[in-house]
Amino acid sequence: VRRLITSMQRIQVEGASCLLGLAVDVTDRERAERAEHESRDLFHRIFHASPAAIAILRLSDGCFLDVNDHWGRLRGYDVHETVGKTISEIDLWEDIQGAGALPAPGSDAHSADPEMVIRTKKGEDRTVLASFQPIQVKGEPCLLTVMTDISDMRARVGHEPTSGLYYEILGDTTGYPHPILFIHGGGGNGAGWRRSLDGRAGWADLLAARGYECWVT
């Protein structure tokens, strides 16, 4: 099935009454427009439903074109306080350590998951994994910025420099006076204390659920 736009006009040809008919096939154009609309709608849904903090800014002047709610929660700025403002107006890049990981304006290169420390509106430092991807919005070079807050996860992971031992802390650190230390042996790892082979909760998770502080190496 093809869709046509038609036009009919009465004309005279050698004294005879005739109809001049014109038809333009718009099937492919309408399909392309519909696909573009569906693609934009899908991006909009993903953008605002994502648990990550996402922002789109214009590279020419650093103006924020759009941010999702999680960006507002992470930075402490309301969405309406951010959209339409520039980087300098909300002191964004100045507060980021390692901003050299950002793609240069006009570059097609992207930067994925460098670890950064950002400062919120209240002055709190948060550790994030960031991804920066150059994109085009209405023909203008822009930057798609995605940040995942790992501050709480970092606070629950430790490193003992003398032995080189890494450990994860589970449970309530204020419930009992002494933590329980789980050390794996042989060729195992800490995952064995977190989950059994048949998918059940391991000893560390079971005791953590009962209020014990558990350290898993």
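Everything discussed here concerns the structure shown above.
Residues numbered from 1 in each chain as written. Predicted model: local features only at pLDDT ≥ 70, side-chain atom pairs only at ≥ 80, totals over all residues. Heavy atoms only, no water.

1. As for the overall build of the protein
Across its full length, the protein carries six helices and eleven strands. The buried share of the protein, reckoned over its 217 residues, is 29%. Counted over contacts in the protein with a minimum sequence separation of 6, partners at least 24 positions apart contribute 39%. As presented, the protein carries roughly 14,300 Å² of accessible surface, and 54% of it is formed by carbon and sulfur atoms. (Helix = DSSP H or I, 4+ residues; strand = E, 2+ residues; numbered from the N terminus. Buried < 20%, exposed > 50% of the residue type's maximum accessible area, 1.4 Å probe, protein only. Contact = heavy atoms within 4.5 Å. Areas by Shrake-Rupley, 256 points an atom, 1.4 Å probe, with all protein chains shown as cover.)

2. Concerning the pairing of strand β1 (residues 4-13)
Counting buried residues along β1, only zero of its ten residues qualify, which leaves the element largely exposed. Both β1 and strand β2 (residues 16-25) contribute to a ladder of ten bridges, which runs antiparallel. Looking at the pairing, V13 lines up with A16 of β2. The antiparallel pairing of β1 with β2 creates a hairpin that spans two residues between the two strands, and E14 there sits at a positive phi of about 55°. (Pairing = 2+ DSSP bridges.)

3. Structural notes on the packing of aromatic side chains
What describes a pair of aromatic rings is the distance from one ring centre to the other and the angle between the planes of the rings. Inspection of the entire model under this criterion finds three aromatic pairs. Seen from their ring centres, F43 and F47 are 5.8 Å apart, and the 35° between their planes marks the pair as tilted. Of this pair, F43 and F47 both sit in helix α1 (residues 27-49), separated by four residues, roughly a single helical turn. In this structure F43 comes out as partly exposed when scored by relative accessible area, which is 40%. A centroid spacing of 4.9 Å and a plane angle of 55° characterise the contact between F182 and W193, whose relative ring orientation is tilted. One end of the pair, F182, is in strand β10 (residues 180-182); the other, W193, is in helix α5 (residues 191-194), with eleven residues separating them in the sequence. When its relative accessible area of 27% is taken as the criterion, W193 is described as partly exposed. (Phe/Tyr/Trp six-rings, centres within 6.5 Å; stacked < 30°, edge-to-face > 60°.)

4. Things to note about the side chain of S50
Structurally, the position occupied by S50 is in the loop between α1 and β3 (53-58). The exposure class of S50 is buried, given its relative accessible area of 15%. If we skip the residues at most four places from it in the chain, S50 touches N68 and H70.

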